[in-house]
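Here is what each chain is made of, one letter per residue.
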Amino acid sequence: MSPAELVLRILLAFLLPPVSVIGLKDVGCGTFILMCILTLFFWVPGLIAACTLIVSEYSRNSSSAS
């Protein structure tokens, strides 16, 4: 994941947290459903979970590329 994709995914997470995690590795249907449920509960828990998943994927990709 490039830094530009990281920024775009985080911006998308602010708008639609469940949509921002689609396409990440190790994110399946269960994670997407959990993100939808968390977003329905006040939006902030979904945002936090989405940003956590996006940043962890970015750090995992950047550490394996080095």
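Residues numbered from 1 in each chain as written. Predicted model: local features only at pLDDT ≥ 70, side-chain atom pairs only at ≥ 80, totals over all residues. Heavy atoms only, no water.

Draft legend 1. Structural detail: helix α4 (residues 44-65). Over its 22 residues, α4 runs 32 Å from end to end, which matches the ideal 32 Å to within 8%, given 1.5 Å per residue. All of the buried residues in α4 are Gly46, Leu47, Ala49, Ala50, Cys51, Ile54, Glu57 and Asn61. For α4, the secondary structure elements touched by its buried residues are α1 (3-15), α2 (17-20) and α3 (29-40). (Helix = DSSP H or I, 4+ residues; strand = E, 2+ residues; numbered from the N terminus. Expected span 1.5 Å × (residues − 1). Buried < 20%, exposed > 50% of the residue type's maximum accessible area, 1.4 Å probe, protein only. Contact = heavy atoms within 4.5 Å.)

Draft legend 2. Region of the structure containing the packing of α3 against α4. Remark: α3 packs on α4, axes separated minimally by 7 Å, with the N-to-C direction vectors making an angle of 145 degrees. Contact with α3, carried on its side by Thr31, Met35, Leu38 and Thr39, involves Pro45, Gly46, Ala49, Ala50 and Leu53 of α4 and no other residues of that element. Tallied by class, residues from the contact of α3 with α4 come to six nonpolar, three polar and no charged. (Axes fitted to C-alpha atoms, helices over the stretch in contact; angles between N-to-C directions. Nonpolar A, V, L, I, M, F, W, Y, C, P; charged D, E, K, R; others polar.)

Draft legend 3. Geometry of unusual backbone geometry. In this model, Phe42 sits at a positive phi of 75 degrees, which is unusual for a non-glycine residue. By the secondary structure assignment, Phe42 is in the loop between α3 and α4. In the Ramachandran plot, Trp43 falls in the positive-phi region, its phi being about 75 degrees despite a non-glycine side chain. Note on placement: Trp43 falls in the loop between α3 and α4. Take Trp43: its relative accessible area is 33%, and that puts it in the partly exposed class.

Draft legend 4. The arrangement of α3 in detail. Taking 1.5 Å per residue, twelve residues should reach 16 Å; α3 reaches 17 Å between its end C-alpha atoms and fits that length. Of the residues flanking the end of α3, it is Phe42, one or two places downstream, whose phi is positive at about 75 degrees.

Draft legend 5. Structural detail: the environment of Phe32. Along the chain, Phe32 falls in helix α3. When its relative accessible area of 29% is taken as the criterion, Phe32 is described as partly exposed. A C-alpha to C-alpha distance of 16 Å links Phe32 and Ser56, two positions 24 residues apart in sequence. Discounting residues that sit within four places of it in the chain, Phe32 has contacts with Pro18, Val19 and Ile22.

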